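A look at the structure
Now for the letters of each chain:
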Amino acid sequence: MREQLVVDRIRCDGHGLCAELLPEVIALDDWGYPIIKSGSIAPALLEHARQAVDACPVLALKLALVTAM
Amino acid sequence: MARLLSGPPLTAGAESYGAHQQRFGALPAAAARSLIGRLEASHLIGRGGAGFPVGRKWRAVADRANGKAVVLANGAEGEPLSLKDRTVMAARPHLVIDGAVLAADAVGADDIIFYVGAEHRAAEAAMRYALAERAADLRGRARVVQAPRGYVAGEESAAVHFINAGDPRPTTTPPRPFERGVGGRPTLVQNVESLAAAALVARGDDAGTSLITLSGAVRRAGVREIALDATLAEVAASAGGLARPVQAVLLGGYFGGWVDITDLWARPLAPASLRARGHAFGCGVLSFLAEDSCGVEATARIMGYLASQSARQCGPCLFGLGAIDAACRRLAARSAQPDDLKRITRWGGELAGRGACKHPDGATGLLRSALGVFADDYAAHQRGRCVRGAPAAGRPGALAQAVA
């Protein structure tokens, strides 16, 4: 089990702060909405991922424990 | 063996409760207990489009139900090319009700909702009349709710949202309806044809047939019941044959995909056989595109519709499908911007999994199939030309046309 970034797509307004804080994992599409590039977060990036979660102005980004299916 | 549409002709309208009981006998209520296992063994998959195994879905609800679950029979047939759900409700309402009652007994539900598209007038009237015929047995645990128009209103979280709050837009998941649905209770959302098929399985049937809707370049369009091991060629023959030479088939409707006719013609339509080749049966739509029709234009019309049907809640769906629609229209009109084909190819790979529901996944899946099957047409349209015209020799249907 590893932590994974999950976007609430209805809440997300495409502010784009998450991609600035975590470019290793998050890219933006042509309209500024996040594309999560990799599923689970490497331990070295976990702190940056938490900052990205905290920075989201509409609380659309979450770190969730995801069980491998 | 009993089938979904065996019995009186469809033109005779709704089968009465008396006639239904005469053909099928009483509801095998005792079968409900063992039905989940038998559905799993039958490999019946849902007929609403997503193709999820019916038995597994029922078990997921039963595991959480505690006798307080809800059955939501989904008869909101938003797919523009599909007519089979409204047909089964209008002609065989008691088979649908049988399935819903068995589902309620099997999963532990005390509330059954028939969610019927507002524009399916005959289906809604038949369902209401059939429920009234069985009012004494149902003792008030079943009702009809009119589903608003729109492609997304039939999506399962949207259906639950509409019943709970009058808002037919999808919600963020999890929780999924089987976890928390109508009134916060575990809810089985099941397509009406799937429920009718489950009612046959409860009576010993093998779920070996499916309803399909035929359209396009075929002589007799409309709803049919086919054996799942039938090939596309046999299905076309049963519909009077192809009306014109055909290049491709839209399989599974607007959330399905284009398939080159030669890829599918001699193959059985059984879901497992299609899956092995990367295709999906979906909701059973088969629409034949004539050789002299343009796939780029046909796809532009579909993408335009799907973009218009976005619930407009999620940015990637709203803006992404909007941009794809605009580029597809320019390509179809042979007035493409320099990078239109490159951009729709990239966007077609970027939107899946980025909406609250699967609307962007379905739309881009259809687009990607078009970019593959009509690759030459797209390349020509990007250069401002269309290559469609005289039919190529050797295509299925070419002979039929020569003879006719």
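No experiment lies behind these values; they were computed from the predicted model shown.

**A look at the overall build of chain A**
Counting its regular elements, chain A contains two helices and four strands. Along chain A, helices and strands appear, N-terminal first, in the series β-α-β-β-α-β. Computed over its C-alpha atoms, the radius of gyration of chain A comes to 11 Å, within 12% of the 11 Å expected for a compact globule of 69 residues. Along the first, second and third principal axes, the C-alpha set of chain A runs to 30 × 20 × 20 Å. Looking at chain A as a whole, 26% of its 69 residues are labelled buried.

**As for the pairing of strand β8 (residues 257-260) of chain B**
Residues and elements named next belong to chain B. Bridge count between strand β7 (residues 246-251) and β8: four bridges; the pairing is antiparallel. Looking at β8, one finds that alanine 248 is bridged to aspartate 260. The antiparallel pairing of β7 with β8 creates a hairpin that spans five residues between the two strands, and glycine 252 there sits at a positive phi of about 85°.

**Remarks on the sheet that holds β8 of chain B**
All names here are of chain B. Read across the sheet, five strands follow the order β6-β5-β9-β7-β8 without closing on themselves; strand pairing throughout is mixed. A single partner strand is all that each edge strand has here, and the edge strands are β6 (222-227) and β8. Looking at each pair of strands side by side, their axes are set apart by 30° on average, direction ignored. Pairing of strand β5 (residues 209-216) with strand β9 (residues 285-290) involves four bridges; the strand directions are parallel. Among the inter-strand pairings, threonine 213 is bridged to a residue of β9, identified as valine 285. Sheet strands touched by helix α4 (residues 84-91): β5 and β6. Its angle to β5, the strand with the most contacts, is close to 125°.

**Some remarks on the sheet that holds strand β3 (residues 142-147) of chain B**
All names here are of chain B. Spatially, four strands are ordered β3-β2-β1-β4 in an open sheet, and the strand pairing comes out parallel. If you trace the sheet from one side to the other, it starts and ends with β3 and β4 (187-191), each paired once. Sheet twist, expressed as the average angle between the axes of neighbouring strands with direction ignored, equals 25°. Note: strand β1 (residues 69-75) against strand β2 (residues 109-117), seven bridges, orientation parallel. Of the residues in β2, the one forming a bridge with asparagine 74 is tyrosine 115. Running over the sheet, helix α3 (residues 54-65) touches β1, β2 and β4 and is turned about 160° from β4. Lying on the sheet, helix α5 (residues 93-107) is in contact with β1, β2 and β4; it crosses β1 at an angle near 155°.

**Some points on helix α13 (residues 295-308) of chain B**
All names here are of chain B. Under the 1.5 Å per step criterion, the end-to-end length of α13 is 20 Å for 14 residues, consistent within 8% with the ideal 20 Å. Within α13 the residues assigned to the buried category are Gly295, Val296, Ala298, Thr299, Ala300, Ile302, Met303, Leu306 and Ala307. Elements in contact with the buried residues of α13: β7, β8, β9, α14 (315-332), α16 (359-373) and α17 (375-382).

**Observations regarding the nonpolar core**
Leu72, Ala73, Ala103, Ala159, Leu188 and Ala198 of chain B are the most contacted members of the largest nonpolar core, which totals 130 residues. Counting residues per element, this core draws most heavily on α5 of chain B, which supplies 10 residues. The next biggest cluster of nonpolar side chains, apart from the first, holds 15 residues, and it includes Leu5, Cys18, Val25 and Ile41 of chain A.

**A closer look at the domain arrangement of chain B**
Residue and element names in this part refer to chain B. By the assigned domains, chain B splits into domain 1 (10-201), domain 2 (209-290) and domain 3 (295-382). The gap between the C-alpha centroids of domain 1 and domain 3 is 32 Å. Taken together, the 10 residues of domain 1 in the interface contact seven residues of domain 3. Here the side of domain 1 that touches domain 3 is built from residues that sort into four nonpolar, four polar and two charged.

**Structural notes on the pairing of β9 of chain B**
All names here are of chain B. Summarising burial for β9: six of the six residues are buried, a large majority. Residues of β9 alternate between two faces, with Val285, Ser287 and Leu289 on one and Leu286, Phe288 and Ala290 on the opposite face, all of them buried. One ladder, built from five bridges, connects β7 with β9; its direction is antiparallel. Of the residues in β9, the one forming a bridge with valine 249 is phenylalanine 288.

**Description of the packing of α4 of chain B against helix α6 (residues 121-133) of chain B**
Residues and elements named next belong to chain B. In contact at an axis separation of 7 Å, α4 and α6 are set at 35° when each is read in the N-to-C sense. The chirality of how α4 crosses α6 is left-handed. Counting all contacts with α4, which are made through Arg86, Met89 and Ala90, the residues of α6 involved are Ala122, Ala123, Ala126 and Met127. Grouping the amino acids of the contact of α4 with α6 by side-chain chemistry returns six nonpolar, no polar and one charged.

**Considerations on unusual backbone geometry**
Residue and element names in this part refer to chain B. For the peptide bond that leads from threonine 173 to proline 174, omega is -5°, which places it in the cis range. The peptide bond linking proline 174 to proline 175 adopts the cis configuration, its omega dihedral lying at 0°. Checked against the element boundaries, proline 175 lands in the loop between α8 (156-165) and β4. Of note, asparagine 66 is a non-glycine position whose phi angle comes to about 55°, a positive value. Along the chain, asparagine 66 turns up in the loop between α3 and β1. Taking the number of C-beta atoms within 10 Å as the measure of exposure, asparagine 66 has 10 and is therefore exposed. With phi around 60°, arginine 312 is a residue other than glycine that occupies positive phi space.

**Some remarks on the packing of α4 of chain B against helix α9 (residues 192-201) of chain B**
Residue and element names in this part refer to chain B. Two elements in contact, α4 and α9, have axes separated by 9 Å at closest approach and are oriented at 50°. For the element pair α4 / α9, the angle class is oblique. Taking contact as the criterion, the partners of Lys84, Asp85, Val88 and Met89 in α4 are, on α9, Val192, Glu193 and Ala196. Its residues assigned to classes, the contact of α4 with α9 shows four nonpolar, no polar and three charged.

**Brief notes about the environment of leucine 5 of chain A**
Residues and elements named next belong to chain A. You can see leucine 5 is positioned in strand β1 (residues 2-7). Along the chain, leucine 5 and leucine 63 lie 58 residues apart, while their C-alpha atoms are 4.7 Å from each other. Not counting residues within four places of it along the chain, the set of residues in contact with leucine 5 comprises Val25, Ile36, Ile41, Ala49, Leu61 and Leu63.

Conventions we followed
- Residues numbered from 1 in each chain as written.
- Chains lettered and ligands numbered in written order.
- Predicted model: local features only at pLDDT ≥ 70, side-chain atom pairs only at ≥ 80, totals over all residues.
- Helix = DSSP H or I, 4+ residues; strand = E, 2+ residues; numbered from the N terminus.
- Rg over C-alpha atoms; globule rule 2.2 N^0.38 Å.
- Buried ≥ 20, exposed ≤ 12 C-beta atoms within 10 Å, placed from the backbone.
- Pairing = 2+ DSSP bridges.
- Axes fitted to C-alpha atoms, helices over the stretch in contact; angles between N-to-C directions.
- Contact = placed C-beta atoms within 7 Å.
- Expected span 1.5 Å × (residues − 1).
- Core = buried A, V, L, I, M, F, W, Y, C linked by C-beta atoms within 7 Å.
- Domains from an automatic or database assignment.
- Nonpolar A, V, L, I, M, F, W, Y, C, P; charged D, E, K, R; others polar.
- Left-handed = near helix turned anticlockwise from the far one by under 90°.
- Parallel < 35°, antiparallel > 145°, perpendicular 65-115°, else oblique.

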